[in-house]
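Structural characterization, general
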Amino acid sequence: MNKTELRKLQEFLRQSFGAPGLKVGLDPKNTEEAVVSFGERALGRISVDDEDGDRSFSFAMKIPVERPVLQDYLRRLFDNDELRIVARAKKTDSVELNRGEDFLGVISADDPKGKSYTLQMAILDFDLDDL
């Protein structure tokens, strides 16, 4: 990832979560990954996917809470009451994360008992075009 991509990814995530304090920096151990942080806290990682000639990115963030408090946790973390957890049709092991009516990603249970979750967000190259 280059500096321009890192800057655009940072702006994309800031806008998506409504959190201007989010930072995206290159992982010094792996130039194909970036680290996403908020204040002093590392939140997740962004990896690159160059398959089929299309460049895209995947943001993954571990969420260390159970389902009943998932929405409140994310709202407090990002200080954004627009974040909403939405049930998925015929799915019990995952939910959608929306900001208002806008889909952000899928949150899946890490274990059958739903003690922790992982947010997965796909970021396509054209999502970054206007940033």
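The structure reproduced in this document is the subject of the present report.

**Observations regarding the side chain of Thr118**
Considering the arrangement of structural elements, one finds Thr118 in strand β8 (residues 117-124). Residue classification places Thr118 among the buried positions, given a relative accessible area of 10%. Among the polar contacts made by the side chain of Thr118, one reaches the side chain of Asp110 at a distance of 2.7 Å.

**Things to note about helix α2 (residues 70-78)**
Within the span of α2, buried status applies to Leu70, Tyr73, Leu74, Leu77 and Phe78. Buried residues in α2, looked at end-on, bunch into an arc of 110°, giving them a common side. Note on α2: the residue one or two positions beyond its end, Asp79, has a positive phi of about 50°.

**Some words on the pairing of strand β7 (residues 102-109)**
Of the strand pairs in this sheet, strand β6 (residues 94-99) and β7 are connected by six bridges, and their pairing is antiparallel. Across the sheet, residue Ser94 finds its bridge partner in β7, namely Ser108. From the end of β6 to the start of β7, which pair antiparallel, there are two residues, and Gly100 there has a positive phi angle of about 65°. As paired elements, β7 and β8 share four bridges and run antiparallel to each other. Bridging from a neighbouring strand, Val106 pairs with Gln120 of β8.

**Quick word on the pattern of salt bridges**
A complete count under the given rule lists eight salt bridges for this structure. Measuring nitrogen to oxygen at the nearest pair gives 2.8 Å for the salt bridge that ties Arg45 to Glu33. In this pair, Arg45 is assigned in strand β3 (residues 41-49) and Glu33 in strand β2 (residues 30-38), connecting sequence segments twelve residues apart. A relative accessible area of 35% means that Arg45 is categorised as partly exposed. Measuring nitrogen to oxygen at the nearest pair gives 3.9 Å for the salt bridge that ties Asp110 to Lys62. One end of the pair, Asp110, is in the loop between β7 and β8; the other, Lys62, is in strand β4 (residues 56-63), and 48 residues separate them in sequence.

**As for the sheet that holds β2**
As summarised here, the arrangement of the eight strands in space is β1-β2-β3-β4-β8-β7-β6-β5, forming an open sheet in which the pairing is antiparallel. Each of the sheet's edge strands pairs with one partner strand only, and the pair in question is β1 (22-27) and β5 (83-87). Across this sheet, the average inter-strand angle for adjacent strands is 30°, counted without regard to direction. Running over the sheet, helix α1 (residues 3-17) touches β1, β2, β3, β4, β5, β6, β7 and β8 and is turned about 150° from β1. Contacts between α2 and the sheet are confined to β1, β2, β3, β4, β5, β6, β7 and β8, with β5 contributing the most and set at about 160° to the helix.

How each quantity is defined
- Residues numbered from 1 in each chain as written.
- Predicted model: local features only at pLDDT ≥ 70, side-chain atom pairs only at ≥ 80, totals over all residues.
- Heavy atoms only, no water.
- Helix = DSSP H or I, 4+ residues; strand = E, 2+ residues; numbered from the N terminus.
- Buried < 20%, exposed > 50% of the residue type's maximum accessible area, 1.4 Å probe, protein only.
- Polar contact = N/O pair within 3.5 Å; in protein donor to acceptor, adjacent residues only side chain to side chain.
- Arc of directions from axis to C-beta.
- Pairing = 2+ DSSP bridges.
- Salt bridge = Lys/Arg side-chain N within 4 Å of Asp/Glu carboxyl O.
- Axes fitted to C-alpha atoms, helices over the stretch in contact; angles between N-to-C directions.
- Contact = heavy atoms within 4.5 Å.

Note that all results are geometric; they support no functional claim without further evidence.
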